[in-house]
Each structure stands twice: as C-alpha cells, then as structure tokens.
Amino acid sequence: MTEIVHARAVLLDMDGTLVDSTAVVERLWLAWAEPHGIEPERVLSVVHGRQGHQSMAILLPERDHEINLAENQMMLENEANDVGGVIAIAGAGALLAGLLPHPHAIVTSADVRLMSARMGAARLTVPELAVTAENVTRSKPDPEGFLRGAELLGVDPADCVVFEDSGAGIQAAHAAGMRVVGVGPHAATHSPEYHVTDLTAVAVVATDGGFELHID
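Keep in mind that this is a model prediction, so the values were computed, not measured. (Residues numbered from 1 in each chain as written. Predicted model: local features only at pLDDT ≥ 70, side-chain atom pairs only at ≥ 80, totals over all residues. Heavy atoms only, no water.)

A word on the side chain of aspartate 111
The condition is simple: Numbering of helices and strands starts at the N terminus; helices are DSSP runs of H or I of at least 4 residues and strands are runs of E of at least 2. For the exposure calls, accessible area comes from a 1.4 Å probe over protein chains only, and a residue counts as buried if that area is under 20% of its type's maximum, exposed if over 50%, partly exposed in between. Charge assignment in this entry is limited to Lys and Arg as positive and Asp and Glu as negative, and neither His nor the chain termini are counted. Salt bridge, as used here, is a side-chain nitrogen of Lys or Arg placed within 4 Å of a carboxyl oxygen of Asp or Glu. Counted as a polar contact is a pair of N or O atoms within 3.5 Å, where, for protein atoms, one must be capable of donating a hydrogen and the other of accepting one, and residues adjacent in sequence contribute only when both atoms are in side chains.
On the secondary structure map, aspartate 111 appears in the loop between strand E5 (104–107) and helix H6 (112–121). Despite being buried, aspartate 111 has no salt bridge partner; arginine 113 is the closest side chain of opposite charge, sitting 6.8 Å away. Side-chain polar atoms of aspartate 111 contact the backbone nitrogen of leucine 114, separated by 2.9 Å.

Remarks on the sheet that holds strand E11 (residues 210–215)
How we decide: For two strands to be treated as a pair, DSSP must find at least two bridges joining them. Axis geometry follows a simple rule: fit a line to the C-alpha atoms, using only the stretch in contact for helices, then measure angles between N-to-C directions, giving values from 0 to 180 degrees.
Across the sheet, 3 strands lie side by side as E1-E11-E10; this open sheet has antiparallel pairing. The open sheet has two edge strands, strand E1 (3–7) and strand E10 (202–207), and neither has a second partner. Direction aside, neighbouring strands of the sheet carry axes that sit 30° apart on average. Two strands pair when backbone bridges link them, and E1 and E11 are joined in this way by 5 bridges, in the antiparallel orientation.

Considerations on the pairing of E5
Where we set the bar: If the strands point away from the viewer and the path from the first strand over the helix to the second runs clockwise, then the crossover is right-handed.
The two faces of E5 match: His104 and Ile106 on one face and Ala105 and Val107 on the other face are all buried. Strand direction decides the pairing type here: strand E2 (residues 9–12) and E5, joined by 3 bridges, are parallel. Its bridge partner lying in E5, leucine 12 is registered against isoleucine 106. Once you follow E5 into H6 and on to strand E6 (residues 130–131), the crossover reads as right-handed.

Some thoughts on unusual backbone geometry
Looking along the chain, the bond that leaves lysine 140 and enters proline 141 is cis, with omega of 20°. Considering the arrangement of structural elements, one finds proline 141 in the loop between E6 and helix H7 (144–153). Unlike most non-glycine residues, arginine 123 shows phi in positive territory, near 60°. Within the secondary structure layout, arginine 123 lies in the loop between H6 and E6.

What is shown is where atoms sit, not what they do.
Now the structure itself:
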C-alpha cells in the first residue's frame, strides 16, 4: 500500500542513504582502531552517521580531543582518496532528479571534499545546497545540521522530511522535530516514521502546492 507523505522540503543524509560507502568506511575505521585494541563490533556500532572526531572521542574517551581533531583530518583525507567500492544506493539518482524543482539539501557528517568524492564516485549530482562538517559545530545525533538545512531552505522543521540510515542520524532528525524515512536494513530498528529497503520505493510527485513523497 502506497503511503503519501506531505512535505515542503527534503533533507538527505549521504553515506548509507544516497551512496553505499560501507566497505571503505569499515575498512579505514577498523585499520584506525586496531592499534588501539578496540573490538571491531564496538567500532562499527559507533562510527556510522557521526563525524570522525566525535566517534574517536566515544571510542577513546580519555584521549586529548586535539588529537582526535588532527586524526580526523587525516581520516577525511584518506576517505576522500579511497572511493573503491563506493556506489549509489538503488534509486538515488531518480530521487535526486525528482527533487530538483523542489527545496532539498544534503546534510552530511562528511566535509565538502569527501562528499564530492563519494557523490562523484557514485555518479550522483550534488544538490545545490549542502550542509557539511564545515557548517556545524556539533555532529549527529545533535540536530544542528538538520536545523541548519531547514533554515537555509526557509522551511519550518516540521515541514521537512529526512532520509537517513543511521541511528545517530535518525535521532538527530527527530530531535529537530522532523519526520524520517529510514533507508536500508538497519534503519527500521531506530523508529523512523517510514521505512524503505532502498530508494526505488520512493517517488516525488508534483502537486499544485509543491510536492508529495509516495512510498511503496
């Protein structure tokens, strides 16, 4: 049964939502964690959806945060230079094309360089508006990024729909007062209002007042 979602704007996470970068994220983060003796399961439960320095602070809570900030810059460079295996989530291109006439933005924990590298590797067009690591002071699950996106689009947060895959991202969207379309197999466990396996289940339908999302 098709669900019809009314919205004035859409905010899109990138990793796990528009692009599948799981292989490279896990490869680089497990390599980072190994010298610290952190169990892989612990690493993978933390890093998705967060900025790198915040993940490091959670995983190494006693360490000087200046070290985290410096190592995060190296991690971002390594991630931008390693796009092997990065592909588009099914339906991402069609969704972005459907949203072109309507208010929408990416809200990602990546910086501009990493966002551009991964979107390029996945052959996806970056929306005109993007909120990246450079534009916020607090990472997901803090709602700052999503609230910033709504502000830049000039849309009330309650009228925004967020596409997210991670627990941190879904928590951030809910804290911003936004509805969530959870994307992928793990999103459903974090209580999004709607859930899809991939983006082929979503269509953007223009209306007299703007647009609707039709979710199968």
